[in-house]
Amino acid sequence: MTLRITWRRALAALVALAAAGLLFAWSGAFNVAASSGHWAITDWFLHWTMRNSVRTHAAFAAEKEPRDDLGLVSAAGHFKNSCAVCHGAPGVPPSPVMRAATPHAPDLSINAREWDDHQLFWIIQHGVKFTGMPAWAAKERPDEIRRMVAFVRRLPRMTPAQYRSLTDETPAAPLAGVSDATLRTCTGCHGADGRGRGADDVPVLGGQQPAYLLAALRGYASGDRQSAVMRQVAVMLSDAEMQALARHFAAMPGLRPLSAGQGTAPRLVYQGLPEKELPACRSCHKPGGRAPAIEGQKAGYIADRLRHWQGEEVEVDARQSQATMPVIARRIPKEMIEPLAAYLEQGAARQTD
């Protein structure tokens, strides 16, 4: 007997298979318990699919500069606060609870070697479905992702001592109303002296206005200010802790007003450049003003923020952020950013010589 395959019979077979699958799912017979693990073929298929997907999407959405090696302190701090519990870290095993997940997070000291920088950027930015790997929590901060790519790239050869040197700094003294663990989280990146441990992407907090630091912490906690690194910390703080920390770091020596100098950068700071529709920086950032103090701030930090606000050249200006600083930053010529940032830092440094 010969069975003829017709379109009607093929369609009926597909419908029957679909109905059988739905019936199986409805019955609850499939075991979704993480403790049961995956079948070997399921595990292979999911990882095979994931690797192919990452390579394809990373190739088509390639970041021009997927890695920034100059911000390891903040990246290491975020890794310690958010990632080490699942992935572990040099000298720090992952949580036994997270090891019981299906699938459990890979050991990045081994796994990181499988990916290039563009692929790591894509994974960190978008996360991975059907795993515990989330997308980056601040969509507007690719600079943070670049720093994390550089940190993950170093994990295969990072020693426990090197990891501790990046993530730990003991506070100078206890702070009333704030636990030692919380204060250590802050000093791990910002330093016991509030100067950012020499990292250009971590701003100087000493000498900043307490009201500004408090507003910044509240903004990070609510998500109004974009930063996956800071939000992870701020969201765990009570308002009383935020106030105590803002007063604590603002009271430290650090930022100081600078004296007027000669050249385009000082003129922009004190007088503005009307021909470029640029107001004076001091019209908002004057000492005691409503905007944060920037005189004496790290040149690398200022330059990085200005470039971030400038956005991509290919994007139409009207589609970019119309908030005050992004609009102003887009009017600053690119060749002026470095001299302006250097003047804002070095002008104050001369006063302390």
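Residues numbered from 1 in each chain as written. Predicted model: local features only at pLDDT ≥ 70, side-chain atom pairs only at ≥ 80, totals over all residues. Heavy atoms only, no water.

Draft legend 1. Spatial organisation of the side chain of N111. Looking at the secondary structure, you find N111 in helix 5 (residues 108-111). Here W115 takes part through its side chain, which lies 3.3 Å from a polar atom of the side chain of N111. (Helix = DSSP H or I, 4+ residues; strand = E, 2+ residues; numbered from the N terminus. Polar contact = N/O pair within 3.5 Å; in protein donor to acceptor, adjacent residues only side chain to side chain.)

Draft legend 2. Fine view of a nonpolar patch on the surface. Together, F24, F30, V32, W39, I41, W44, F45, L46, W48 and F130 line one region of the surface with nonpolar side chains, adding up to about 1,200 Å² of accessible area. If you tally residues by element for the nonpolar patch, the top one is helix 2 (residues 40-60), at five residues. (Patch = residues over 30% accessible without salt bridge, like charges linked within 9 Å, V, L, I, M, F, W, Y side chains within 5 Å. Areas by Shrake-Rupley, 256 points an atom, 1.4 Å probe, with all protein chains shown as cover. Salt bridge = Lys/Arg side-chain N within 4 Å of Asp/Glu carboxyl O.)

Draft legend 3. Spatial organisation of the pattern of salt bridges. Applying the stated rule across the entire model yields 19 salt bridges. Note that D180 is salt-bridged to R184, the shortest N-O span being 3.0 Å. Taken together, the residues span about one helical turn, with D180 and R184 both in helix 9 (residues 180-190) at a distance of four residues. We classify D180 as partly exposed; its relative accessible area is 47%. Members of the salt-bridge network, linked through shared partners, are D68, R141, D143, E144, R147, D201 and R305. (Buried < 20%, exposed > 50% of the residue type's maximum accessible area, 1.4 Å probe, protein only.)

Draft legend 4. Quick look at the packing of helix 2 against helix 6 (residues 117-126). Where helix 2 meets helix 6, the closest approach of the two axes is 9 Å, and the angle between their N-to-C directions is 105°. Relative to helix 6, helix 2 is oriented roughly perpendicular. Contacts between helix 2 and helix 6 involve M50, V54, R55, H57 and A58 on the former and, on the latter, H118, Q119, W122 and I123. In terms of residue class, the contact of helix 2 with helix 6 is made up of five nonpolar, three polar and one charged. (Axes fitted to C-alpha atoms, helices over the stretch in contact; angles between N-to-C directions. Parallel < 35°, antiparallel > 145°, perpendicular 65-115°, else oblique. Contact = heavy atoms within 4.5 Å. Nonpolar A, V, L, I, M, F, W, Y, C, P; charged D, E, K, R; others polar.)

Draft legend 5. Geometry of the confidence of the model for the protein. Per-residue pLDDT for the protein has a mean of 91; in total, 95% of the residues score no lower than 70. Mean pLDDT values over the elements of the protein span from 80, in helix 17 (residues 334-351), up to 97, in helix 12 (residues 239-250). Predicted confidence is poor over residues 348-353, with pLDDT under 50, and the contacts of this stretch with residues over four places away or in other chains come to 10 contacts. (pLDDT = per-residue confidence, 0-100.)

Draft legend 6. Looking closely at helix 15 (residues 299-310). Taking 1.5 Å of rise per residue, 12 residues should cover 16 Å, and helix 15 covers 17 Å from first to last C-alpha, within 8% of that figure. Within helix 15 the residues assigned to the buried category are A299, Y301, I302, A303, R305, L306 and Q310. Just downstream of helix 15, G311 is the residue with a positive phi angle, here 70°. (Expected span 1.5 Å × (residues − 1).)

Draft legend 7. Local environment of the packing of aromatic side chains. Summed over all chains, the structure comprises six aromatic pairs. Considering the side-chain rings of F24 and F30, the 6.3 Å spacing of their centres and the 75° angle between planes classify their relative orientation as edge-to-face. Note on F30: relative accessible area 47%, which makes it partly exposed. With centroids separated by 6.2 Å and ring planes inclined at 45°, the aromatic side chains of F45 and W48 adopt a geometry described as tilted. Here W48 and F45 lie together in helix 2, a separation of three residues that amounts to about one turn. On the basis of relative accessibility, which here comes to 43%, the residue F45 falls in the partly exposed class. Feature note: the residues W44, F45 and W48 constitute an aromatic cluster, connected by ring pairs. The ring of W309 carries R305 above its face, with NZ or CZ at 5.4 Å from the centroid. (Phe/Tyr/Trp six-rings, centres within 6.5 Å; stacked < 30°, edge-to-face > 60°. Lys NZ or Arg CZ within 6 Å of the ring centre and 35° of its normal.)

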